[in-house]
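Now for the letters of each chain:
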Amino acid sequence: MNLENIKQLKFTNWCIQNSTSIYVFTLIICLAGYSAYHKIPKELFPDIVIPTVSVATIYPGATPADIENLITKPIEKELKSVSGIKKIKSNSLSDFSLVIAEFNTDLDPKVCKQRVSDAVDKAKKDLPTDLKDDPQVQEFDFSEMPILNINLAGDLPLDRLKLYAEQLKDKIETNKEITRVDIIGGVEREIQVNVDLYKLNAAGITFSDIESAIQQQNLNISAGELRINELRRNVRITGEFKEPKEIENIVVRSFVGTTVFLKDIATIEDGFKEKQDFARLDNKAVITLNVIKRSGENLIHATDKIYAILEDYKINKFPQGLTVKVTADLSLIHISEPTRPY
């Protein structure tokens, strides 16, 4: 048989004759694939972009009917003239109005938010003039779902638990994979001025007088510059209160021969604000940290860093008796280990 008459595939022959080059190309392709595999973001859900913008307005003391007529309808009227809106939904509740505008999916969410903000600005002329805050325009981001919840509990007061929670929050937010950490179930300090109405009326003082006195005397004031030799020094008068007891000595009003102090008509209490959110686990009050990951970042890498932080804080910073429990960990769906250390 004449070997020259046998049909041959040129590319195959070239690969055989240059086997070393083929091995090198194969190795490069494998390394590139391995690197690409580890760089691909690990997500539980795909990124969903649905341009949706909400307008929230708070109007204390108003009934649902008043909220609808005074706030919801004027905002809806302006939103109807915005191009690209697919659907408008609204809820009018006591003290609160919520209008949601859903745009077509081919629009940029940032452009949609700007259009809604412009429409709300036009509607302000028809809104009540005594609104304490302007309507809040927010964009819905479906990727901002907590990847895990960190629950702190123990035989400690809630204010001290919140202190440890804030320290943990600041540390977790330093990671580039994390957008923010929301704290739920904590308490916030509040200095309460409890006025005795009878003493107030007897002294001929109004609540506005008390409010003005506190605002005017709780200030740090810049007094300009003072030249000393060849240097200029800033002069600053510090008047902010450091202790709640200092508030008692505020002079509310000074008459001829009579001075009315705040302690004469009110009592000062160092307490906490009324709680608006609660967190419980195993029938016990806890403080919960909802960790929200940045869109496009690796879910498993983010949770690994968080668990490393928790281990460090448990050993070096958290006191005895403070327990940490992680719930709703989305990374458990992606990894082979059935459980995490917390």
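Below or above, wherever it landed, is the structure these notes cover. (Residues numbered from 1 in each chain as written. Predicted model: local features only at pLDDT ≥ 70, side-chain atom pairs only at ≥ 80, totals over all residues. Heavy atoms only, no water.)

What follows covers the nonpolar core. Nonpolar side chains in soluble globular proteins tend to end up buried together. Of all hydrophobic cores here, the largest spans 27 residues; its most connected members are Ile-150, Leu-152, Leu-168, Ile-172, Val-291 and Ile-306. Among the elements of the structure, β5 (146-154), α5 (158-172), β6 (178-184), β15 (287-293), α10 (299-316) and β16 (322-327) are those that each provide at least two residues to this core. Ignoring anything within four residues of it in the chain, the contact list for Val-291 reads Met-145, Pro-146, Ile-147, Leu-148, Ile-150, Ile-172, Ile-178, Arg-180, Val-181 and Ile-306. Counting 21 residues, the second largest nonpolar core, distinct from the first, contains Val-55, Leu-79, Ile-85 and Ala-123. (Core = buried A, V, L, I, M, F, W, Y, C linked by side-chain atoms within 4.5 Å. Buried < 20%, exposed > 50% of the residue type's maximum accessible area, 1.4 Å probe, protein only. Helix = DSSP H or I, 4+ residues; strand = E, 2+ residues; numbered from the N terminus. Contact = heavy atoms within 4.5 Å.)

Let us look at a nonpolar patch on the surface. Side chains of Leu-9, Phe-11, Trp-14, Val-24, Phe-25 and Ile-28 sit close together on the surface and give an oily, nonpolar patch of about 650 Å² of accessible area. Of all elements in the fold, only α1 (10-17) and α2 (19-39) reach the threshold of two or more residues within the nonpolar patch. Broken down by element, the nonpolar patch gets its largest block of residues, 3 residues, from α2. Relative to the assigned elements, Val-24 resides in helix α2. On the basis of relative accessibility, which here comes to 44%, the residue Val-24 falls in the partly exposed class. (Patch = residues over 30% accessible without salt bridge, like charges linked within 9 Å, V, L, I, M, F, W, Y side chains within 5 Å. Areas by Shrake-Rupley, 256 points an atom, 1.4 Å probe, with all protein chains shown as cover. Salt bridge = Lys/Arg side-chain N within 4 Å of Asp/Glu carboxyl O.)

In this structure the tally under the stated criterion is 2 aromatic pairs. With a centroid separation of 6.0 Å and 85 degrees between ring planes, the pair formed by Tyr-164 and Phe-318 is classed as edge-to-face. Highlighted residues: Tyr-164 in helix α5 and Phe-318 in the loop between α10 and β16, separated in sequence by 154 residues. Owing to a relative accessible area of 8%, Phe-318 belongs among the buried residues under this scheme. Geometrically, the ring pair formed by Tyr-313 and Phe-318 is edge-to-face, given 5.6 Å between the ring centres and 65 degrees between the ring planes. Linked through ring pairs, Tyr-164, Tyr-313 and Phe-318 together constitute an aromatic cluster. (Phe/Tyr/Trp six-rings, centres within 6.5 Å; stacked < 30°, edge-to-face > 60°.)

By themselves, these are just geometric observations and shouldn't be taken as functional.
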